[in-house]
There are 2 protein chains.
Amino acid sequence: MDADPPRSDAAAAQPAGTPRLIGLDWGSSALRAWLLGDAGRILARRESAAGALGLDADGFHAALLALCADWLEAWPRLPVVACGMVGSREGWREAPRVRAPAGFEQLAAALLAFDEALGRPFRIVPGVMARGQIDSPDLMRGGETQVFGALRHRDGLFVLPGTHSRWVEVRGRRIVALRTYMTGEIYALMRRHSTLARMCTDPDDSPARQADALRAFDEGVDHAAAHPGSLTHLLFTARTEALLEGLAAHQVPAYLSGLLIGTELADAAAWSPHDLVPTLVARSELSSRYAHALHRLRVRARVADGDSAAAGLYALARHAGLLDAA
Amino acid sequence: MDADPPRSDAAAAQPAGTPRLIGLDWGSSALRAWLLGDAGRILARRESAAGALGLDADGFHAALLALCADWLEAWPRLPVVACGMVGSREGWREAPRVRAPAGFEQLAAALLAFDEALGRPFRIVPGVMARGQIDSPDLMRGGETQVFGALRHRDGLFVLPGTHSRWVEVRGRRIVALRTYMTGEIYALMRRHSTLARMCTDPDDSPARQADALRAFDEGVDHAAAHPGSLTHLLFTARTEALLEGLAAHQVPAYLSGLLIGTELADAAAWSPHDLVPTLVARSELSSRYAHALHRLRVRARVADGDSAAAGLYALARHAGLLDAA
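Residues numbered from 1 in each chain as written. Chains lettered and ligands numbered in written order. Predicted model: local features only at pLDDT ≥ 70, side-chain atom pairs only at ≥ 80, totals over all residues. Heavy atoms only, no water.

A. Structural detail: the sheet that holds strand β7 (residues 112-113) of chain B. Residues and elements named next belong to chain B. Reading across the sheet, the six strands line up as β3-β2-β1-β4-β8-β7 and stay open at both edges, with mixed pairing between neighbours. Two strands bound the open sheet, and with one partner strand each, they are β3 (42-48) and β7. Pairing of β7 with strand β8 (residues 122-124), which is carried by two bridges, proceeds in the antiparallel orientation. The residue of β8 that forms the bridge with Ala113 is Arg123. (Pairing = 2+ DSSP bridges. Helix = DSSP H or I, 4+ residues; strand = E, 2+ residues; numbered from the N terminus.)

B. Quick look at the relation of the copies chain B and chain A. Between the two copies, chain B and chain A, the superposition gives an RMSD of 0.1 Å; the rotation angle is 180 degrees and the shift along the axis is 0.0 Å. This pairing of chains is accounted for by a two-fold axis. In terms of C-alpha distance to the rotation axis, chain B has Gly229 of chain B as its closest residue, with the C-alpha 1.9 Å off the axis. A shared binding surface is used by both copies, with 100% of the interface residues of chain B retained as interface residues in chain A. (Least-squares fit on C-alpha atoms with pLDDT ≥ 70 in both. Contact = heavy atoms within 4.5 Å.)

C. Looking closely at the side chain of Arg120 of chain B. All names here are of chain B. With respect to the element layout, Arg120 can be found in the loop between β7 and β8. Salt bridges are absent for the buried Arg120, whose nearest opposite-charge side chain, Glu73, sits at 8.9 Å. At 2.8 Å, the side chain of Arg120 and the backbone oxygen of Leu72 are in polar contact. The contacts of Arg120, once residues within four sequence positions are left out, are Leu72, Trp75, Pro76, Arg77, Leu78, Val80 and Asp115. (Buried < 20%, exposed > 50% of the residue type's maximum accessible area, 1.4 Å probe, protein only. Lys, Arg positive; Asp, Glu negative; His and termini not counted. Salt bridge = Lys/Arg side-chain N within 4 Å of Asp/Glu carboxyl O. Polar contact = N/O pair within 3.5 Å; in protein donor to acceptor, adjacent residues only side chain to side chain.)

D. Quick look at the environment of Phe60 of chain B. Residues and elements named next belong to chain B. In this fold, Phe60 is placed in helix α2 (residues 57-74). Look at Phe60 and you get buried, because its relative accessible area is 0%. Separated by 32 residues in the primary sequence, Phe60 and Trp92 place their C-alpha atoms 6.4 Å from one another. Apart from residues no more than four positions distant in its own chain, Phe60 is found in contact with Trp26, Ala52, Leu55, Val86, Glu90, Gly91 and Trp92.

E. Examining the sheet that holds strand β9 (residues 128-130) of chain A more closely. The mixed open sheet is built from three strands, whose spatial order is β5-β9-β10 (chain A). One side of each edge strand has no neighbouring strand; the edge strands of this open sheet are β5 (98-99) and β10 (138-140) of chain A. Across two bridges, the pairing between β5 of chain A and β9 of chain A is parallel. Across the sheet, residue Arg99 of chain A finds its bridge partner in β9 of chain A, namely Met129 of chain A. This element, helix α7 (residues 231-244) of chain B, spans β9 and β10 of chain A of the sheet and lies at about 90 degrees to β10 of chain A. (Axes fitted to C-alpha atoms, helices over the stretch in contact; angles between N-to-C directions.)

F. View of unusual backbone geometry. Across the junction of Ala100 of chain A and Pro101 of chain A, the peptide omega takes the value 0 degrees, indicating a cis bond. Among the secondary structure elements, Pro101 of chain A is positioned in the loop between β5 and β6 (102-103). One non-glycine residue, Ala39 of chain B, adopts positive backbone phi at about 60 degrees. Along the chain, Ala39 of chain B turns up in the loop between β2 (31-36) and β3.

G. Looking closely at the domain arrangement of chain A. Residues and elements named next belong to chain A. Looking at chain A, the domain boundaries give domain 1 (9-153 + 307-319) and domain 2 (183-304). Computed over C-alpha atoms only, the centres of domain 1 and domain 2 are separated by 30 Å. Counting from both sides, the interface comprises six residues of domain 1 and, opposite them, four residues of domain 2. With both chains or domains summed, domain 1 and domain 2 bury close to 500 Å², and 47% of this area falls on carbon and sulfur atoms. Our count for the contact surface shared by domain 1 and domain 2 stands at zero salt bridges. For the interface between domain 1 and domain 2, the tally reads zero residue pairs in polar contact (both at pLDDT 80 or more). Across the side of domain 1 that touches domain 2, the residue classes tally to one nonpolar, three polar and two charged. (Domains from an automatic or database assignment. Buried area = accessible area lost by both parts, 1.4 Å probe. Nonpolar A, V, L, I, M, F, W, Y, C, P; charged D, E, K, R; others polar.)

H. Spotlight on α7 of chain B. All names here are of chain B. The end-to-end C-alpha separation of α7 is 20 Å, in line with the 20 Å expected for 14 residues at 1.5 Å each. The buried fraction of α7 amounts to 13 of the 14 residues, a majority that puts the element mostly inside the structure. Directly after α7, the chain includes Gly246, whose backbone phi takes a positive value near 80 degrees. (Expected span 1.5 Å × (residues − 1).)

I. The packing of helix α6 (residues 207-226) of chain B against helix α9 (residues 285-296) of chain B, seen in detail. Residues and elements named next belong to chain B. Interaxial distance between α6 and α9 falls to 10 Å at its minimum, and their mutual angle equals 55 degrees. In terms of their interaxial angle, α6 and α9 are classed as oblique. Seen from above, α6 lies across α9 with right-handed handedness. On α9, the residues that touch Leu214, Phe217, Asp218, Val221 and Asp222 of α6 are Arg289, His292, Ala293 and Arg296. Among the residues making up the contact of α6 with α9, the classes are represented as four nonpolar, one polar and four charged. (Parallel < 35°, antiparallel > 145°, perpendicular 65-115°, else oblique. Left-handed = near helix turned anticlockwise from the far one by under 90°.)

J. Representation of the interface of chain B and chain A. Counting residues at the interface gives 50 residues for chain B and 50 residues for chain A. Roughly 4,400 Å² of surface becomes buried between chain B and chain A when both sides are summed, with 65% attributable to carbon and sulfur atoms. Glu90 of chain B is the partner of Arg198 of chain A in a salt bridge, and the nearest nitrogen-oxygen pair spans 3.9 Å. The interface formed by chain B and chain A holds ten residue pairs in polar contact (both at pLDDT 80 or more) in total. Take the side of chain B that touches chain A: its biggest share by element is twelve residues, from α7 of chain B.

K. Layout of the packing of aromatic side chains. Residue and element names in this part refer to chain B. Under the definition given, this model contains 14 aromatic pairs over all chains. For the ring pair Phe60 and Trp92, a centre distance of 5.7 Å and an interplane angle of 10 degrees mean the geometry is stacked. Note that Phe60 is positioned in helix α2 and Trp92 in the loop between β4 (80-83) and β5 (98-99), a separation of 32 residues in sequence. Just as Phe60 is buried, Trp92 falls in that class too. Taking the centre distance of 5.6 Å and the plane angle of 55 degrees together, the rings of Trp92 and Phe122 count as tilted. You can see Trp92 sitting in the loop between β4 and β5 and its partner Phe122 sitting in strand β8, a full 30 residues away along the chain. (Phe/Tyr/Trp six-rings, centres within 6.5 Å; stacked < 30°, edge-to-face > 60°.)

L. Looking closely at α2 of chain B. Residue and element names in this part refer to chain B. Residue Cys68 marks the point of greatest curvature in α2, where the axis turns by about 85 degrees. What α2 keeps buried is the set Gly59, Phe60, Ala63, Leu64, Leu67, Cys68, Ala69, Asp70, Trp71 and Leu72. As for α2, its buried residues are in contact with β1 (21-26), β2, β3 and β4. (Bend = angle between axes of the 7 residues up to and from the residue.)

Shown next as structure tokens:
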């Protein structure tokens, strides 16, 4: 193992600081890690594609070492807090879900201690189950941490884009309702495995191609909003538009994305409480697509700045008394 | 090559008759073949999984021989008529589409002659393009042949379940409008490639398991009809129902099927002209699921009896004068 001080491009660009916590957002398809200093300041960030889906116990340990071995070695007592699918039944260790209404205090009290895995304080944030659309509750893991990292008022409506996109309603600082959309996953299935896949290419970065893709995205959003309930038909129009109307192969993925995001936004806007302005929890390029589509559909929305998952992990660690020991 | 007379389980169970035509319904995922006698009587039927998707010219020839070499050898001048994706740009030979309003005569006149492929009269039925939901027309290949095989009156509304399900409106014996749903394909993607796939098992044939599956199917249909526009959310409820509400692994596929078929039916029923009673073109177990769901949603519907594709192929061959030569 390398005895040099921890290295990271992000860390090199940051002013020095004393690390207080390693925070992990370990979802199904990615592992994101932060080295956090006083007041939750981000000293370094890293990411790998080692998602929780399909890893076994050895796999989790190896994936964490592959990304963060130098951090763990340099600060042997630094606590670790993780959220996301890492705490599911198929994850590293199950952290049983908290039932809504679920506030920050309930989450902090239900952190799962798993110190033996890393030989240091290691906590896994529980997921949340809350009232959904049908009789059974809806579920999330990881989103609750982002929500409490982004929450600035007593009430709020948060939109968390991703493989599984979430709309989360908060009242009196507690998560009370939740709605999951498989938007990102269905997009990936269409793009990779469907009969439409061979009609798709990725756009290059040229401004002209990017503008083409944006036009196709907008068309998809408009079709979805104009024809709610018709998604399984509209997806097929990617084929007819490509064969007959000149939709280019580098536009097809954006058109599909527009159909799926437009469907989600139209449906969720109808479901959502009307007294709350949605806050988009920024995370990736995906968030800018959501912001663009919300604007196009004339839904007023805010964008949370900063890294909400890191902020939530730090707040939970502090509340659980983990930072005193460091 | 085997010099024995053609063998087929179906043929053995049928009374003898003089073959007049080999009919092929060659879609993306299956090849179905009929040996047809006078008046289109079915003398034998066969089926293979050699769908048109991904075959090259040699592949088409080989797949046809694998299924029907004995028929082709026993009757060297027997004509062949094929419909479906075999006539698409990625098929064996492209049969350019006919634009709606498209009647039986327009289709018969536009049969593509491809005699050199088999050294005998060989015709491919063109596809149809017709007014759809958005500005671009909708498309089908194969469905037009089923529709004209099932048409009994001047007007009709036909439902053709499948990988891509079609709703086809006929006025004055011409196809005037068309709507494609990716219902079957999205089901297969969910069942095989999605994060829900590992929560699914196939039900065995025991009556109890079949009854379980039907209950889950009904629940899916009801949820879809009650929440139009929410499909990308409802699909995720398969996970929550399985984790929290006791939906068993052998019920999950039926629940997903109910959600997708229910979504299609609710949307298509709203789109469809209200003076026409839908006719379900029977083909497989899938058709009985559609009939059950239509009944559940209180949509009055008929079921076409017989094999509509075979009837349509025979009628087209006769109209094109192919049967005189045999």
